[in-house]
Amino acid sequence: MILFLFFFSFLLSQEDLVDGVLAVVENKHILFSEVLGESRVVAEQRGINPQSSPLLFQQVFDSVLKDKIYLQVVLLSAEKDTLIEVSYDEISRSLDERISLFSSQLGSVQDLEAAFGLSLGDIKNNYWETVREELLIDKYKFLLLGNVSITKNEVLSFYESFRDSLPVF
């Protein structure tokens, strides 16, 4: 564990990050750089400094990795389900909505391009597959859980029944 933390903190301090595969879900690879980048964003949002709180950062990193593995498993199931389709127009519309939102948050399309270091066309190309996968996962979840309804009383009853076995937040 200590050796891993030393190695991990060493990698965090390097400008040129050596990448590697952390997990494989069927034919999909989850890269160290993807998990590390997302972990840094989450840690920053939570006010966690990786250098001063390496154990907290390790927990964030582990959580991000676990979430990415889970999403890949769900994505594979969704891709195998022949009832689910995501059209070109759906992806394009969702991507345009996201770009519009981010542009308004940053001030303009030019500010968005500067923040990403890419042209608008390159941003769309780079995130096309990500948006397709997210829409596919959303449709798959809705297909499985769309007609499930739970009342507040059922949630409270479940909580009372399983209070001792639920994790503390």
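This is a predicted model, so every value here is computed, not measured.

**Q** Honestly, the side chain of Glu133 in this entry has me stumped. Any pointers?
**A** Note that Glu133 resides in helix 6 (residues 120-145). No salt bridge is formed by the buried Glu133; its nearest oppositely charged neighbour, Lys28, is found at 4.1 Å. Setting aside anything within four residues of it in sequence, one finds Glu133 in contact with Lys28 and Leu75.

**Q** Hey, could you run me through helix 4 (residues 88-106) in this one?
**A** One turn of an α-helix holds 3.6 residues; hence residues three or four places apart share an orientation. In this model, helix 4 (19 residues) spans 27 Å end to end at C-alpha, consistent with the 27 Å of a helix rising 1.5 Å per residue. Burial in helix 4 covers these residues: Ile91, Ser94, Leu95, Ile99 and Ser103. Seen end-on, helix 4 carries its buried residues on one side only, within an arc spanning 165°. Counted as exposed and oriented over 90 degrees from the buried face of helix 4: Asp89, Glu97, Ser104 and Gln105. Packing partners of the buried residues in helix 4 comprise helix 5 (109-116) and helix 6. Trailing helix 4 by a residue or two, Gly107 shows a phi angle of about 120°, which is positive.

**Q** What exactly am I supposed to notice about the packing of aromatic side chains here?
**A** Within a pair of aromatic rings, the relevant descriptors are the distance that separates the centres and the angle that separates the planes. Under the criterion given, the structure shown has four aromatic pairs. Relative to Trp128, the ring of Tyr88 lies with its centre 5.0 Å away and its plane at 45°, an arrangement referred to as tilted. Taken together, the positions of Tyr88 in helix 4 and Trp128 in helix 6 put the pair 40 residues apart, joining distant regions of the chain. The exposure class assigned to Trp128 is partly exposed, which follows from its relative accessible area of 23%.

**Q** Explain the packing of helix 2 (residues 32-46) against helix 3 (residues 54-80) to me, please; I cannot follow it from the model alone.
**A** Axis angle and axis distance: for two packed helices, these are the angle between their axes and the distance between the axes, and together they describe the pair. Interhelical geometry of helix 2 versus helix 3 gives an angle of 125° and a closest axis separation of 9 Å. Taken together, the axis directions place helix 2 and helix 3 in an arrangement best described as oblique. For the element pair helix 2 and helix 3, the recorded crossing hand is right-handed. Where helix 2 approaches helix 3, its residues Phe32, Glu34, Val35, Leu36, Glu38, Ser39, Arg40, Val42, Ala43 and Arg46 are matched on the opposing element by Phe57, Val60, Phe61, Val64, Leu65 and Lys68. For the contact of helix 2 with helix 3, the residue count by class is ten nonpolar, one polar and five charged.

What counts as what
- Counting starts from 1 at the beginning of each chain's written sequence and moves along it residue by residue.
- Local features in this predicted model are restricted to residues of pLDDT 70 or higher, and side-chain atom pairs are both shown and tallied only at a pLDDT of 80 or more, whereas totals for entire chains, interfaces and linings draw on every residue.
- Side-chain numbers come from the whole structure's heavy atoms, not from hydrogens or water.
- Under the scheme used here, helices are H or I runs from DSSP no shorter than 4 residues and strands are E runs no shorter than 2 residues, and both carry numbers assigned from the N terminus.
- Residue burial is assigned from relative accessible area. The probe radius is 1.4 Å, only protein chains are included, and a residue is buried under 20% of its type maximum, exposed over 50%, and partly exposed in between.
- We count Lys and Arg on the positive side and Asp and Glu on the negative side, and we leave His and both chain ends out.
- Each salt bridge in this description consists of a side-chain nitrogen of Lys or Arg and a carboxyl oxygen of Asp or Glu lying within 4 Å of one another.
- Contacts are assigned to residue pairs with any non-hydrogen atoms lying within 4.5 Å of each other.
- The length a helix should cover is 1.5 Å for every residue beyond the first.
- Comment: arc refers to directions from the helix axis out to C-beta atoms.
- Pairs were defined over the aromatic rings of Phe, Tyr and Trp, the Trp ring being its six-membered one, requiring ring centres within 6.5 Å. Orientation was assigned from the angle between planes: stacked under 30 degrees, edge-to-face over 60, tilted for the rest.
- Note on method: axes are straight lines fitted to C-alpha atoms, helices fitted across the in-contact stretch only, with angles between N-to-C directions ranging 0 to 180 degrees.
- Working definition: roughly parallel below 35 degrees, roughly antiparallel above 145 degrees, roughly perpendicular at 65 to 115 degrees, and oblique for all remaining angles.
- Left-handed describes a crossing whose near helix is turned anticlockwise from the far helix through less than a right angle; right-handed describes the clockwise counterpart.
- Basically, the charged four are Asp, Glu, Lys and Arg, the nonpolar ten are Ala, Val, Leu, Ile, Met, Phe, Trp, Tyr, Cys and Pro, and anything else, Gly included, counts as polar.

Treat this as a map of the structure, not an account of what it does.
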